[in-house]
Amino acid sequence: MSQKVTRRQFLNYSLMGVGSFMAAGMILPMGRMALDPLFQDDSEGSMITTSVTVDEITEEPMQVDFTFEQEDAWYTSEVTDFAWVYRDGNEIIAFSPVCKHLGCTVTWAADDNNPERFFCPCHNGLYEKNGENVPGTPPTGPLDQFEVGESDGFLTIGQVFPNELV
Amino acid sequence: MLYNFNDIKNLKDQLEFVDTAVIPFVSADLDEQALTHANDIELVQLVTIQLEKQFKGRIFITPAMTTVLSDTEVLKQYQKQLYDYGFKNVVILTHLNLDDEFNSIRLNQIPLQDMSSDIKFDLVNDEVKKVMKSIISIWNS
């Protein structure tokens, strides 16, 4: 009954076994490294999750803080920034608060005479709710927008891009 | 604007818009009050950083000026220099009690060392708001 294993067969099997272990030992790490970029989180363009839920956002622009790490030559520091966020129908709009004139911070409805506009206190710049600069005031262009998204119900904020609503 | 190469390079051309200089003025005596001074310096720094963010396009923040024994001689000279350069307003941000010849904004003394970072953030922000209001009222006067 029992099949005799010849010396030749035995050597073949053991060579094949050892060889495939060696091949696997070389190919697996190489394969892992080749596929590695797929598993990496894209750190550059990644979205920052804020502490504000999407449901909280109303048609009135609100200030949403977000924190990220900034690398500055020798050290990394935690930077807190914010965006003006409001709801327009089903869409969520987020504006960068940086004035296009000289880089001050703009505020929603800070000027009593312009309750429905963004106001820059430095040189009395004004922007409409859609970010468009009001002619006759110093700013030369509309406010920049942030990419927005949603993660588990929370608002996420991404890169800045030029205003597309105007 | 800050006192760095790139900002100063363009400063002269932008005096029309950047018309206010802010001098942070701190005391560095190593006496019984040293711990308080250390705290004050930290607060002045935090406020200045926020202020720069808010009013970047209209204020020029000089490097913090340090004094001992509340001597204001250098400050006087610096103030004159800044007015001569073309600034319309020179504001001094300080914890010290200065004479009326200086346009100073006095900060509160906040014991930052014992606070959790949330509370610290709130208190510093309140202080920043107070300073911003003072500066805006200077602009509107």
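Residues numbered from 1 in each chain as written. Chains lettered and ligands numbered in written order. Predicted model: local features only at pLDDT ≥ 70, side-chain atom pairs only at ≥ 80, totals over all residues. Heavy atoms only, no water.

Where an unreviewed UniProt entry is consulted, chain B appears under the name DUF2487 domain-containing protein, with the organism given as Lacicoccus qingdaonensis.

An unreviewed UniProt entry annotates chain A as Menaquinol:cytochrome c reductase iron-sulfur subunit originating from Lacicoccus qingdaonensis. Per UniProt, chain A has the following entry under Function (unreviewed entry): "Component of the menaquinol:cytochrome c reductase complex. The Rieske protein is a high potential 2Fe-2S protein." The record held by UniProt for chain A lists under Subunit (unreviewed entry) the comment "The main subunits of the menaquinol:cytochrome c complex are a Rieske-type iron-sulfur protein (QcrA), a cytochrome b (QcrB) and a cytochrome c (QcrC)." (UniProt positions renumbered as here; feature names shortened; annotations may be inferred.)

Residues and elements named next belong to chain A. Direction of pairing for strand β1 (residues 48–53) relative to strand β9 (residues 154–161): antiparallel, over a ladder of three bridges. Following the sheet pairing, Thr49 is matched in β9 by Thr156. Where strand β8 (residues 145–151) lies against β9, six bridges are found, and the strand directions are antiparallel. From the neighbouring strand, Phe146 faces β9, where its bridge partner is Val160. (Pairing = 2+ DSSP bridges. Helix = DSSP H or I, 4+ residues; strand = E, 2+ residues; numbered from the N terminus.)

Looking now at the domain arrangement of chain A. With domains assigned, chain A is organised as domain 1 (1–40) and domain 2 (48–161). One C-alpha centre belongs to domain 1 of chain A, the other to domain 2 of chain A; they are set 58 Å apart. (Domains from an automatic or database assignment.)

Residue and element names in this part refer to chain A. Counted by the stated rule, this structure contains one disulfide over all chains. A disulfide bridge connects Cys104 with Cys122, and the sulfur atoms are separated by 2.2 Å. In this structure the cystine formed by Cys104 and Cys122 twists about its S-S bond by roughly -95 degrees; its chirality is therefore left-handed. With a gap of 18 residues between them, Cys104 in the loop between β4 (91–95) and β5 (107–108) and Cys122 in the loop between β6 (118–120) and β7 (125–127) connect regions that are remote in the sequence. For the pair formed by Cys104 and Cys122, the shared burial category is buried. We note that Cys99 lacks a disulfide partner, and the nearest cysteine sulfur, in Cys120, lies 3.7 Å from it. Here Cys99 falls in the buried class, since its relative accessible area comes to 4%. (Disulfide = S-S within 2.5 Å. Buried < 20%, exposed > 50% of the residue type's maximum accessible area, 1.4 Å probe, protein only.)

Once that is clear, we can look at the pattern of salt bridges. Residue and element names in this part refer to chain B. What the rule picks out here adds up to nine salt bridges over all chains. The partner of Asp19 in a salt bridge is Arg58, with the nearest N and O atoms 3.0 Å apart. Taken as a pair, Asp19 in the loop between α1 (5–11) and β1 (20–27) and Arg58 in the loop between α2 (34–55) and β2 (59–61) lie far apart in primary sequence, 39 residues in all. Taking relative accessible area as the criterion, Asp19 reaches 6% and is therefore assigned buried. A salt bridge links Glu42 to Lys120; the shortest N-O distance between them is 3.4 Å. Of the two residues, Glu42 sits in helix α2 while Lys120 sits in helix α4 (residues 117–140), which places them 78 residues apart along the sequence. For Glu42, a relative accessible area of 30% puts it in the partly exposed group. (Salt bridge = Lys/Arg side-chain N within 4 Å of Asp/Glu carboxyl O.)

Residues and elements named next belong to chain A. Taking 1.5 Å of rise per residue, 33 residues should cover 48 Å, and helix α1 (residues 7–39) covers 46 Å from first to last C-alpha, within 8% of that figure. Along α1, the sharpest change in direction is near 35 degrees and occurs at Met33; proline Pro37 comes one to four residues later. Taking burial as the measure, the 33 residues of α1 include zero buried ones, a minor fraction of the element. (Expected span 1.5 Å × (residues − 1). Bend = angle between axes of the 7 residues up to and from the residue.)

So, about the UniProt feature "domain: Rieske" (unreviewed entry) in chain A. Annotation from UniProt places "domain: Rieske" (unreviewed entry) at residues 82–157 of chain A. Taken end to end, residues 82–157 of chain A comprises 0% helix and 41% strand; its first and last C-alpha atoms sit 10 Å apart.

Residue and element names in this part refer to chain A. Read across the open sheet, the three strands follow the order β5-β6-β7; overall the sheet is antiparallel. Two strands close off the open sheet at either side, each with one partner strand: β5 and β7. Of the strand pairs in this sheet, β5 and β6 are connected by two bridges, and their pairing is antiparallel. Opposite Trp108, over in β6, you have Phe118 as the bridge partner.

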